[in-house]
Structure formats: C-alpha cells, structure tokens
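Residue-level listing of the chains:
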Amino acid sequence: MIASHLLAYYFTELHHDQVQKVDKYLYHLRLSDENLMDVSVRFRREMDKGLGRDTNSTAAVKMLPTYVCSTPDGTEKGDFLALDLGGTNFRVLLVKVSANGKQKVEMENQIYAIPEHIKRGSGSELFDHIAECLASFMDKLGIKDKKLPLGFTFSFPCQQTKLDESILVSWTKGFRSSGVEGKDVVSLLRTAIKKRGDFDIDIVAVINDTVGTMMTCGYDDHNCELGLIVGTGTNACYMEEMRNLELVEGDEGRMCVNLEWGAFGDDGVLEDLRTDFDREIDAGSLNPGQQLFEKMISGMYMGELVRLILVKMAKEQLLFQGQTTPSLLTTGNFLTSYVSTIENDKDKEGLINAENVLRSLGLDPSAEDCIATHRVSQIVSTRAAHLCAATLVAVLRQIRDNKAAERLRTTIGVDGSVYKNHPQFARRVHKMVRRLAPDCDVRFLKSEDGSGKGAAMVTAVAYRLAAQHAQRQRILDTLRLTHEQLMEVKKRMGEEMVRGLSKQNYEQASVKMLPTYVRSTPDGTEHGDFLALDLGGTNFRVLLVRVRSGKRRSVEMHNKIYAIPQSTMQGTGEELFDHIVQCIADFLEYMGMKGASLPLGFTFSFPCHQSKLDQGILLRWTKGFKASDCVGEDVVMLLKDAIHRREEFDLDVVALVNDTVGTMMTCGYEDPRCEVGLIVGTGTNACYMEEMENVELVEGNEGSMCVNMEWGAFGDHGELDDFSTEFDRTVDDQSTNPGKQRYEKMISGMYLGEIVRNVLLEFTAKGLLFRGKLSERLKTRGIFETKFLSQIESDRLALRQVRTILQHLGLTSSTCEDSILVKEVCSVVACRAAQLCGAGLAAMVDKIRRNRKLERLCITVGVDGTLYKLHPHFSSILQKTVQDLAPLCDVSFLQSEDGSGKGAALITAVACRIRESGRH
C-alpha cells in the first residue's frame, strides 16, 4: 500500500475503529491509575521485605547493599581509571576530575573485544585478558608508572560485603568463565595484575551500572539520589537510611541500595497482572520464572511481546487476513527498535515505518494492519513505562518518609536505550510519576556514560571521603586520650591533692583541698526538724526538712523558691542578707511555724575559706553576685546579724556547706558507704572523707573530715598543658576567667558546647564539614549549648533530629553526612570530658584506699549535676574509666536527689547528733 493512502486512512473512522478493536483485545495490558497505585504499594512491601534481616532471604526484591555511602559533592578531584565489563565489549577509561571552582570531567577510553573462547574459558584467562587490555591502555597513555585508583563496573549479579569486594553470584549475558562464581572478582583482578608485575593500581570500588548512573548524574546535580536503567534490562538504586538496612551493621548515615527490581513478581505477587503473552515470553526465555518484572518492561522483551500479540491476532483472523509468514513466526525477529520507529509520531511517520517493518517480515499489510500494529506497540510500551513509574513512586515515597518531608525534591539519574531512544517512553514515565506522586517534585536527568564515568565517580568520592576522614581524625585525635595519658592525669591529680593538704605547700597547689569541718556521714540515727537555705544562683530556696530515725527512717521536705532581684545581688551585703532573712520569715509563716527556733544548714555555693563548720570567709563572689562589704567577711556572721536586726525569731546556724558536700551527705543517708561527692553539671567539683592526720591545716589527728577539693582549678599551674588542645586554649582565652579553672573547662557543661563549636568551625574552615560554608550563627559564642550534646548523642535520636538542631544553628543545607560528623565530634568531646573526670576520681579513690592500707576498697560516690544525669553516655564512660584506672577499688555510683537542699539539712542533723553525743 502506498504511503499517501495510509495518511488518508489515518484520519478516517477506520483508524478509530481499528484502535478500539485492538484496545478491546488487549484490555488486560491497559492498567488504570488504581492498578498502578496498587502495584506501587505492593512494591513498597517487597522493598521492606528485602531490607529486613529476617525476611531478606525469601524476598524477591533483594535490596542489595552497595557500600556506596555518599554521592558526589563537587569537590572531588584527581585522575581515576575505570573498567566497564557488562557485555560483549569491555572498556578501559581514564577519567580526569577537576574541582578548581569549575567542576570538569575529561575522559579518554578504549574499547576491547572479549573473544567467545575467553568468555567460555577459565576465570584466570578472562582476568589475564582484562589485565592485558588495562596494561596496553596505560602504555598508550604513558601512565604505567603511576599507581592510580580504579573503579570497576561489573554488571553481573553480585553479593557485596565491602566497597572493594564483590562475589559473583551467577554469570549472565553469555559469559561462562569457570571458577569465578562464588569468588571475589576484585581478588581475581588483583591476582592477574600482580602476576604481570609491570604496573600497579589501587582498586577502590566495584559497582554495577545502575549505581554508576546515579553517581554520574550526582556529580552534575547534588540532589540526585536515585539511579534508573531501562535498556536491554532494567534496574534501579537509591540512597537508603542505614537504620533501615538491617543487613549491614551500623545505623548512621546512608547507603546506596541496588534494588535488583527486575525480579519483582518472581514470588507471584504480580500474577493477577501478568497476561498470557507475558507467560509465553517467560516460558521461551533462558531463565523461566525469573526476572518477571523485567520481562514486562525492558528492551530485551518489548519487541518480542509485540510479535507474540501480532501472531495471535493474525491466527484469530484479526490481522493480515489471517496470514502469517516464517519471519513473523521466528522468535526475536521483531526488534524493540522497531517499536521505537513505529511509535514515531512526527508527521505520522510511524505508520509508514510500521508498513516498512511488516513488509520486511514478508507480510502484505493493509492500512488497518498498520494502524493496529502501531496501536499494539503503543499499548505494550505504555504499560512498560507505567509499571516503571509505579515502582519508582514506591522508592520516592520511601525516601520522602525517611526524610519526614511534606514534599520531596529529588533527581533521578537515568540511562538505557529504551528510555533514551523510544520517542514516548520517558514522557510517559514522567507524567505517570507526577500523577501517582503529586507530593514529589522529580527531575529526570539523562546520564552520559554512567557505567564508565560512574565507576570513576564512585572511586573519586571514596578517595575524597578517605582523605577528608583522615584529616578529620588527625584533628579529633588531639582530643582522644590514651590509657597512658589518663594514668598520667591521675598521677598528677594525686600529687596536687597531697600538695593541697600539706601545710607547707598548699599555697602553691592548684587543687585547694579545703577543710569543710564536716566530720561524719549520716549513720541513720539522725532525728529532728531542720531548716536549710540554698543560695547558689539567681534563685534562693528555703526548706524545712523533717528527718525521722528508727524503723521508719525517712526524710520529708517542704520548700519554697524566692527570686533575688538583680539590684539586691549587686547592692550592699546588708540588703542581701536582710532579703534572705525576710524570705525565711515568709517561709516560717507559710509553714505555720512563725517564731520557731530551729537548727539551720546553709548551702552557700561560692568559694569560702572555712575554719569551723559554722564559719566561712567569702573569698570572692561568682555567678553575677557583687554585693558589697561581704568579701573577706564570715557569711554566717552576716546571716546571724541580719536575723538579730529583725528580732522576730532566733535560728541556730549549725553548718555552712557547699553543694558537693551536700551531695555526698544526701547519698550517705541512703548508703553508709558513700564517702565521696561529685558534681558534674554547669561546673564540676568533688569532695571526700580524708583522714585527719593528712589534713595538716586543721589541728588534731583523730577521725576523718570531708575535704572540698575545688578540683575545677586543677591545671591552673600547667598540669594539663600537654593534654590541652588549640580548642581548649581558644575556649579559655574567650572565657570570663582566662587561665583559671582549666580542668573544669575541659569537663563541665558550661564549656563542652563551646569546645564542640570550635571544632566544627575548624572542620568547616578546612572544607571538611557543611561543604565549607560557615553560618553566621555558628560563629556566635555560646550558641552550641551543652544540652545539644546530650540530645545529639541520644541513641534514640534519628539523624534527621540532629539536622533540626543544625538548622536551628543556621545550617539549613546540612547533609546526612554532616549530621554524622557533628555527632562524632560531640561524642569525642564528651568522651574526653568523662575520661578526664574519671581520672580525677580514680586518683581520689586510690588515695582513700592507700590511706586505709586496704588491698581492695569498696566505696560509693554520690553524684549530682545535669551533665552526669542527662547525657546519655557520660556516666557509663566515667564509670568505666574509674574501673580501668583504679582496678583495686570497687566503686558504686548513686545519683543524688537534691543534694544542695536536703544535704545541708543532713549535715546539720549529723552535727546536731555529734553535739548531742558530746554532751552525754
């Protein structure tokens, strides 16, 4: 039939009738949006099965880990070799990647044939041949003397256990080399190269072509996190959260998963959608029952599907007047490329092409036959595109849910002859993805040479990551302490303690070892009602503590919090203490105890010099207090004077204590073995029961006394200089008290966030974090609060919540990798703090053991402070360090409940007990 007639026919009713006839006949191949949504849901279920450790073995969609954990960020640079083996030809490439401001990739490549006898020979012959080709390529370019990194695209089903280890599961595509299945192909290649001995390379990565496609596109578009191939075969890959990948250890970061989605349906989940034509194709294939989804989509089968339909329609007298020809009846004679030319809609060329194709198969087609063939092609390729879109949508939904995003913006890198050469396929995929996933904005980016360049890109990224990792570890290593270093810290702390206790040397000691005149911990016989005051910050508390002894031992507390106005904090001493007494009077009235006279304990958390339990000379104000006429005065006298001025009630001020001692006493009430108090919160300090004979500043050698170490100042005379880093020096320089409290600045909550912030600034300046882009907020002192460390290191916290904290710091474009690194920095800084604290504590418990001349010491440490209580790992690292550094001490830890209030009352109770027993 002449072409002009065809065109005329095209616009007639005839055309419409023919299309309807075919549509009716191929009803099962036409899938509604509802069908496709259902396919998408089924595929998502299959993905979950493939990701699960217990369900993977029976899953059809294998979800293979690729060990590719990062996509390109544009800073990659260097020369890389790539090998591409996946068909009858084999390619060697040299890929030059330059980053200097402009991303640029230059490539040179050479194709080598693989003769049939080598494909079917032994594995060693095959890999010797590959090594031979690689050697001649390097020879030609004059680079044999260089040891270059190499990426290997090996497009056969493999099981990967590392980025550079890939075990061949089975050969496909006509390869039959013996002794390769079940072996690591990288080892085989390394052996072949070594055997030659004329060049050396560093094999960094093995990938398949789908991953290569994603990586190639990822270099041009950093949003690319999916790869798709629709060519002879079909497959996809995407970046999955490690926490969902149960087959691989670790749950931080992301890894590219190779879906191997061609096998979707191999377990029967697509049976209701497969037609007789699909079953016939499968039965006649090389691998019946396998890759059923691929057989509905890919280029290897599309033309064959059209041929089977045309044969059946002819046999049923619906086409070619019931005639067939030997050519039409021959498997594989209707090429997928014919489907592309027939669907070319430019000036109705497709119908002319249809006529030419049919004539080449020995047929004599009518206009109706050409129209019908065109329609059959259309239905087959549309179903393929729509099925492909349905499974893509499942992957997009998975990524969107992982990110907990309302809308997902992402890019899919695509390659393959069907996608690139079929005139309608790509458009149909895009349109259906938009229809099924309106909440995803997807860009499709065609890959240029994914399998070659992609392998080089994976290698380039691996090299960048390795170099950056090494650089980061070098910086973080300055914050990591060895066992030997911690032993040295312990030794120096021990020496400073002895110096602080000695009458001769205490002036020179950085650790002041202040006597507290607390002579005993509770023994359980304490009894009575006590008042306690707690002054240590902008709030002030008054407490009534009822201590009961005997069988029903208990401590009952009532308290009220009062504010201290700024004007009072910075006014005169008289005003401050009158305000305190006014609060006490208000509290006694509130409790219905007006005018009562009770023993009182005063927690006063400012540096004091004590010479009796009920006396303390204020050395200096801290925490924003500046009341005049107090420094150098006894604060107990100032309080008593204010009580007398009021003439309303009389109180017996029995004890002046600090919060660390209060913590020890509170825990000592619960556990008689508690003889150490530790605070690790905003600041840090410790106290313990020391033998009187060692406390040289106080008369008498009998019994023991609690010593307030004021250990935050350890290091003020240089004892920690060889352990402190540039970050510690910066934090110290920028603090309000440079050169003071050096130990505290490496441990306590007030400073850890600052140390982390300074490390992050250093990383960013070196381009190792946030792609080298600094946010203004991160430059602000104090912006990285220590509570963020606790939140970021919480095991329950997903990385996306870490990103929320980073966004709060103005780092809106931080990546998943950035979150992992920030977490690592927090972890290193907090770990060092806990270890340093543990070294100090080990020195203290070892001293107590030696004081008592014991083989082993059993002792309890009472602990308080937000860092110890709220940080998820601080307490366990601290405890392990003490165990390691003081192996002869069995140390238990008891968390204190309200040491500064209850503790002051208990010290008062103990003092009253001792006073009473002294009277009898």
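Anything mentioned here points back to the structure above.
Residues numbered from 1 in each chain as written. Predicted model: local features only at pLDDT ≥ 70, side-chain atom pairs only at ≥ 80, totals over all residues. Heavy atoms only, no water.

Novice: Explanation requested: the overall build of the protein in the structure shown.
Specialist: Along the backbone of the protein there are 30 helices and 26 strands. A globule of 920 residues ought to have a C-alpha radius of gyration of about 29 Å, yet the protein, at 39 Å, is considerably larger. Seen through its C-alpha atoms, the protein measures out along the principal axes to roughly 130 × 65 × 50 Å. Contacts in the protein between residues far apart in sequence, at least 24 positions, make up 71% of those at least 6 positions apart. Carbon together with sulfur atoms contributes 49% to the accessible area of the protein, which is approximately 37,900 Å² in total. (Helix = DSSP H or I, 4+ residues; strand = E, 2+ residues; numbered from the N terminus. Rg over C-alpha atoms; globule rule 2.2 N^0.38 Å. Contact = heavy atoms within 4.5 Å. Areas by Shrake-Rupley, 256 points an atom, 1.4 Å probe, with all protein chains shown as cover.)

Novice: Please clarify how the pattern of salt bridges should be interpreted in this entry.
Specialist: A pair can form between side chains of opposite charge whenever their charged atoms are brought close. If you walk through the whole model with that rule in mind, you get 73 salt bridges. Put simply, D401 and R400 hold a salt bridge, and the shortest N to O gap is 3.4 Å. You can call D401 partly exposed: its relative accessible area is 36%. Here the salt bridges share partners, and the residues they tie into one network are E271, R274, D276, R279, D282 and K295. (Salt bridge = Lys/Arg side-chain N within 4 Å of Asp/Glu carboxyl O. Buried < 20%, exposed > 50% of the residue type's maximum accessible area, 1.4 Å probe, protein only.)

Novice: How do you make sense of the sheet that holds strand β3 (residues 89-98) when you look at a structure like this?
Specialist: Whether parallel or antiparallel, the strands of a sheet pair through hydrogen bonds between backbone atoms. Read across the open sheet, the five strands follow the order β4-β3-β2-β5-β8; overall the sheet is mixed. Both edges of this open sheet fall to β4 (104-113) and β8 (201-207), since each of them pairs with a single strand only. The mean angle between the axes of side-by-side strands here comes to 20 degrees, regardless of whether they run parallel or antiparallel. Where strand β2 (residues 78-85) and β3 come together, eight bridges link them in antiparallel fashion. In the strand pairing of β3, L83 is matched with V92. Each of β3, β4, β5 (148-154) and β8 touches helix α7 (residues 209-220); the most contacted strand, β8, lies at about 105 degrees to it. (Pairing = 2+ DSSP bridges. Axes fitted to C-alpha atoms, helices over the stretch in contact; angles between N-to-C directions.)

Novice: Sorry, what's going on with the packing of aromatic side chains here?
Specialist: Each aromatic ring pair is characterised by the separation of its centres together with the angle its planes make. Per the stated rule, a full pass over the model turns up 23 aromatic pairs. Relative to F264, the ring of F43 has its centre 4.9 Å away and its plane inclined at 75 degrees; by these criteria the two rings are edge-to-face. Note that F43 is positioned in helix α3 (residues 33-51) and F264 in the loop between β11 (254-258) and α8 (276-283), a separation of 221 residues in sequence. Residue class for F43 comes out buried when judged on its relative accessible area of 0%. Centre to centre, the rings of F156 and F175 are 5.2 Å apart; their planes meet at 70 degrees, and the pair counts as edge-to-face. With a gap of 19 residues between them, F156 in the loop between β5 and β6 (158-162) and F175 in the loop between β7 (165-168) and α6 (185-196) connect regions that are remote in the sequence. Of the two residues, F156 and F175, both sit in the buried class. One aromatic cluster is present, built from ring pairs that chain together F152, F154, F156, W171 and F175. The side chain of K560 reaches across the aromatic face of Y590, ending 4.5 Å from its centre. (Phe/Tyr/Trp six-rings, centres within 6.5 Å; stacked < 30°, edge-to-face > 60°. Lys NZ or Arg CZ within 6 Å of the ring centre and 35° of its normal.)

Novice: Where do I start with the side chain of N258 in this structure?
Specialist: Topologically, N258 is positioned in strand β11. On the basis of relative accessible area, N258 is assigned to the buried category, the value being 7%. Among the polar contacts made by the side chain of N258, one reaches the side chain of E260 at a distance of 3.1 Å. The residues contacting N258, other than those within four sequence positions of it, are M63, L64, T66, N208, N235, A236 and C237. (Polar contact = N/O pair within 3.5 Å; in protein donor to acceptor, adjacent residues only side chain to side chain.)

Novice: Could you clarify how one ought to interpret the pairing of strand β22 (residues 674-680) in this entry?
Specialist: Taken residue by residue, a regular strand's side chains alternate between the two faces of the sheet. Counting buried residues in β22 gives seven out of seven residues, a clear majority hidden from the surface. Where β22 lies against strand β25 (residues 857-864), five bridges are found, and the strand directions are parallel. From the neighbouring strand, I679 faces β25, where its bridge partner is D864. Across five bridges, the pairing between β22 and strand β23 (residues 684-691) is antiparallel. Residue pairing across strands places G677 opposite C687, the latter belonging to β23. Joining the antiparallel neighbours β22 and β23 is a turn of three residues.

Novice: I tried to follow the sheet that holds strand β17 (residues 554-563) on my own but got confused; where do I start?
Specialist: Strand order across the open sheet formed by five strands is β17-β16-β15-β18-β21, with mixed pairing between neighbours. Two strands close off the open sheet at either side, each with one partner strand: β17 and β21 (652-657). For this sheet, the mean angle separating the axes of adjacent strands, direction not counted, is 20 degrees. Where strand β15 (residues 528-535) and strand β16 (residues 539-548) come together, eight bridges link them in antiparallel fashion. Bridge pairing in β16 places A532 opposite L543. Docked against the sheet, helix α20 (residues 635-646) engages β15, β18 (599-604) and β21, running at close to 150 degrees with respect to β21.

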